[in-house]
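Each chain, letter by letter, is given below.
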Amino acid sequence: MQSRLFWKDWPKPLKTLYFILLTLALASVLWFAFNYIIGAEGAIGWETLAKTERVKVLIDSFKLGPFTLNTADDNILFLQSFTSPEIHISVFSYYLLLGITVIGMVIFITIVSDLNNFWFFVGLTIFLAILVNFKLEILLLMGSSDKWGLIIAIICYLPISYYFNRVNNTISFTTRLAVYGIITMALGAGIYFTAEVDQPFLYMAAYSVINPLLVSLLFIIVIAHEIIAGFIYILTKSNSASSKNTVTHFYVISAIYIVNVLLLYLRERHIVEWDIIYLNLFILLTISAILGIWGFQQRTIQFKNILTSEYNGALLFIIMFVCCFCTIAHFAITFNDPAIEIYRDIIVYSHLGFGIIFLIYITSNFIGPLGNNMQVYKVLYAPTQMPYFTFCLAGLIASSAFLFSAGWKTTVNQGYATYYNGIADLHYLNNELTLAEAYYKQGAFFGYNNHKSHFMLATISEKKQDEIQTVVNYKKATAKNPTPQAFANLSSIYSDQDRFFDALFTLNEGLEKFPEHPLLENNLGIVYSKTNIVDTALYYLDKAISAEEAKKATQSNLLALLVKNQIPVNADSLFEDWDIANDLISLNNKLALKNQLREPAQSDYFPSDSVISFLEASVLYNQSFNRLFAQDSLNSAPILALTNNDANASTYEMLSFGLSMNWYKQNNINAAFRKMNWLANNSPYSEGKYFNTLGLWALQQDAPEIAAEHFRWAEDQYSKEATYNKAIALTEASQIPLALETWGQLAESGDQKTKEIAATMLTILNPSQPDFNLLAENQKYLFLRYQLSYRDTTLFNQLVNGLADSNYKGQAILDMSKKLWKKDMEEAAVTYYTMLSGLLISDKSLFESIQWYELKMLAAQGNIRGLSTKINQGIAFDKAHNIERHYYTGLINEASGDTTQARKNYEAIAYMNPFKEEATIAAANFIGTQDKFEAYNILLSAIEINPNSVRLLKAYILQCARVRLTNYAELSLQDLRSLISADAYNRFVNKYYQLVKQVEEEDANF
């Protein structure tokens, strides 16, 4: 290294060119380092795959006689695992590699045109080989597959080269370079405009990859000894007469270096697998390349008969430098691992072979000067005993020996695999999957178990939905040069196929190869979450959550795991440390957890776009579900607007169901029933669920006949709960034969608990009527509740005193009073209600039911004073009794003459709950004094939902008379006939005709 600034005396144009190439060299090293460090992430990368699971969450629970019934629905959870997206093949890298190759080619032919005699023709031969490797015929220039492109290129380059070399060799380097550059650009333009294939330069880049590959391998060999040469420079540069032990230092440090390279060789050959720190092959290459910038310049003395100028050697070296690192970077970013294996092999073989021979070369030529502590670096390439050529030949032989001992065919086959993978990339980018698959298979054939070929074949098989080949190829992709993505994708497929253990073992193998990999740990936690091994799932998710790249997905998965396994947790303290505000999946799962805990969440999310995704709809649904446990009501208008947008048709059901549940909670039973009924009649998949929900609502509203009908429809749609619920509804509706039949089915086919309940009910409903006195206390109550109808008052009076428990007795009396009340038999109902007086009721729920029932009777009878007194005795109106609050307040307002406030209260409840017949009728009656058609609409709306209500039917029929819709009245009279006794029916018919006559007279007088 005579001068670190060996270019300082060059002509300025050449100096400028060299500085540009030095800058490119630095950029190529950085580009290589970047792609080498990010590894597979640059080519394959990661994406989160969110899969949904549904968990049943309790909405409401209510008691009906001896039964506890639940309304529940699924909350959607998202479990996120990591897989690779469709692989990104860098088109930029291919074009960059082609650009560097072409620049190198132009500089090379410029240098060749300046060579002497024989070497000029050798250089031209090499240049012709470079042109041939471009395979210009595949571009179909001017529609021809002949070699016209190659012929034209030869005609363009060779004559001018001969002219520069033989005719006029005084033309400057920069002029020749410019001429060759112009020729090359002209050829490029011709190719661009005449090629029949799409993206012709991409074709050239893929098919000519052999050029930069061979150049870079030659470069690696050329610089293989530079590190030992660097030791000579470091140790002898400052030597003087007083220096000591240079030879000892040199051999010690060289021995350490050679031993480390030997260990690398043994590891690459899989002879040793010691758990020690090894040298990095590509760091060795980088150091050697940088040292070679000056080292090669020192060697120009050896090439003085070939290279006419020192700058020719420097330019040739630096462009090979750029080409080498850009080529390795290209193979790294496209993850063409057969090429990376070639580089690893050649680096270690050449550094070991040339390193050992270079030690012999130094020992043979300079052992004396080294022993005398002289500045040997100045004469390193001026040998006295062993010629430099001998060193080069021996080094090549030694390196070849290592190559052949390891199996040279493997390295050659890796070259073929590299080539075919590149061509396959070209066709994959052009979406020519059949051709791409064929070339990847060629790559897989030559590069045994190479990752690139098999990963891409698995990707193509996945697109073709060929699960067998997908699994086969992913397994091969994990065999030799695996990536975490290959393990993740393979385990994902196993999970989709319900192959739990295969998925588990695959991820465990991945973590053995890539310890502490957070994304694989997250996936393993997800796999374990499908089992009862919850602790292990939590362990892996907890490990993964500390990594930034896995944090969001893992925290959402932890939330989902808590919900799935109903793990008790203080949700608020958990969320203190988590930032989930901007992560929709975490927010979705948090809401599901809050719903399971029945705790209100502070969430007011609403999407910014009017067209929403499934995830956004799920968040909105879980959020609306959560409102069922909050004090404030759901603002339904924005969600209604979303459901009315046809673009959101796929999420209509989910959002509408959430709205219905909230309307029901808000006592807007009318709207809830109508929306749910629409869903039940129009849903292609969930009609059973919707009909079952309607049935439960009807039962809760004390309309068992309507409930039974909905449960039948749900049963027809294969709802699992419908048969059990139908049995209860039929029993409550006193449809005993049908109830017995259904309980009998459950006694045979239900689970153990259901069978026990069915056996009890079959005993109670037995038509032979068991001895009442032999029944247990609870069975006596059930007998009175279900065997005796409103017509059986005499038998009821005989048996009710057989109940010793005052709570059971009170409940039985209340039940009978309600049965009579439903049939509009007020006097008899009141009579039974008075029987409750004096009973010691200890059941708080029963006591409250009696209080509310008394209020209803007082209101219906028009006893406003008694109603006010009762309310003032401490009745508290909660949200569940909001309709009663408006109803009773309206009655009091009306009685006091405050018609304005009365109207406000009646209008608030007119269309709300048709099962609150008295409130609906009172609202219709009051509003009817001013608008009899609005009153008609109120009652019509009510009987559409509650058609079996005797009170509503009577009120509707009378209102039909008032608005002279007697045809509708006659139809409803037929419905009423089946619901009440003949005497009661006849009395009502007389009342109806009297009203019809009265209306006709009023109209006539008007």
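Residues numbered from 1 in each chain as written. Predicted model: local features only at pLDDT ≥ 70, side-chain atom pairs only at ≥ 80, totals over all residues. Heavy atoms only, no water.

A.B. asks: Would you mind showing me how to read the side chain of T643 here?
C.D. replies: Along the chain, the position of T643 falls in helix α27 (residues 637–643). Polar side-chain contacts of T643 include one of 2.7 Å to the backbone oxygen of L640. (Helix = DSSP H or I, 4+ residues; strand = E, 2+ residues; numbered from the N terminus. Polar contact = N/O pair within 3.5 Å; in protein donor to acceptor, adjacent residues only side chain to side chain.)

A.B. asks: Would you mind going over the environment of I580 with me for this structure?
C.D. replies: Mapping I580 onto the fold places it in the loop between α24 (571–576) and α25 (584–597). Considered as a pair, I580 and S556 are 24 residues apart in the sequence and their alpha carbons are 8.5 Å apart.

A.B. asks: Sorry, what's going on with helix α39 (residues 844–860) here?
C.D. replies: Because an α-helix packs 3.6 residues into every turn, residues spaced three or four apart end up facing the same way. Relative to the 24 Å expected for 17 residues at 1.5 Å per residue, α39 spans 25 Å between its end C-alpha atoms, a close match to the ideal helical length. Where α39 is concerned, the buried positions are L846, I850, Q851, W852, Y853, E854, L855, M857, L858 and A859. Where α39 is buried, its residues contact α37 (806–822), α38 (826–834), α40 (864–871) and α41 (882–896). One side-chain oxygen at the N-terminal end of α39 lies 2.9 Å from the backbone nitrogen of S845; it belongs to D843. (Expected span 1.5 Å × (residues − 1). Buried < 20%, exposed > 50% of the residue type's maximum accessible area, 1.4 Å probe, protein only. Contact = heavy atoms within 4.5 Å.)

A.B. asks: I keep staring at the side chain of T470 and nothing clicks. Help me out?
C.D. replies: For T470, the position within the fold is in helix α18 (residues 467–477). Here D466 takes part through its backbone oxygen, which lies 2.7 Å from a polar atom of the side chain of T470. With sequence-adjacent residues up to four places away left out, T470 is seen in contact with A458, S461, E462 and I493.

A.B. asks: Sorry if this is basic, but what is going on with the environment of N117 here?
C.D. replies: Here N117 shows up in helix α4 (residues 117–133). Distance from N117 to N305, taken between C-alpha atoms, is 9.8 Å for residues 188 residues apart in sequence.

A.B. asks: What should I look at first to understand the packing of helix α9 (residues 226–236) against helix α11 (residues 281–298) in this one?
C.D. replies: At their nearest, the axes of α9 and α11 sit 8 Å apart, and the two run at 60° to each other. Classified by the angle between their axes, α9 and α11 sit oblique to one another. Read as a crossing pair, α9 and α11 show a hand that is left-handed. Facing E226, I227 and G230 of α9, the residues of α11 in contact are L284, I287, S288, L291, G292, G295 and F296. (Axes fitted to C-alpha atoms, helices over the stretch in contact; angles between N-to-C directions. Parallel < 35°, antiparallel > 145°, perpendicular 65-115°, else oblique. Left-handed = near helix turned anticlockwise from the far one by under 90°.)

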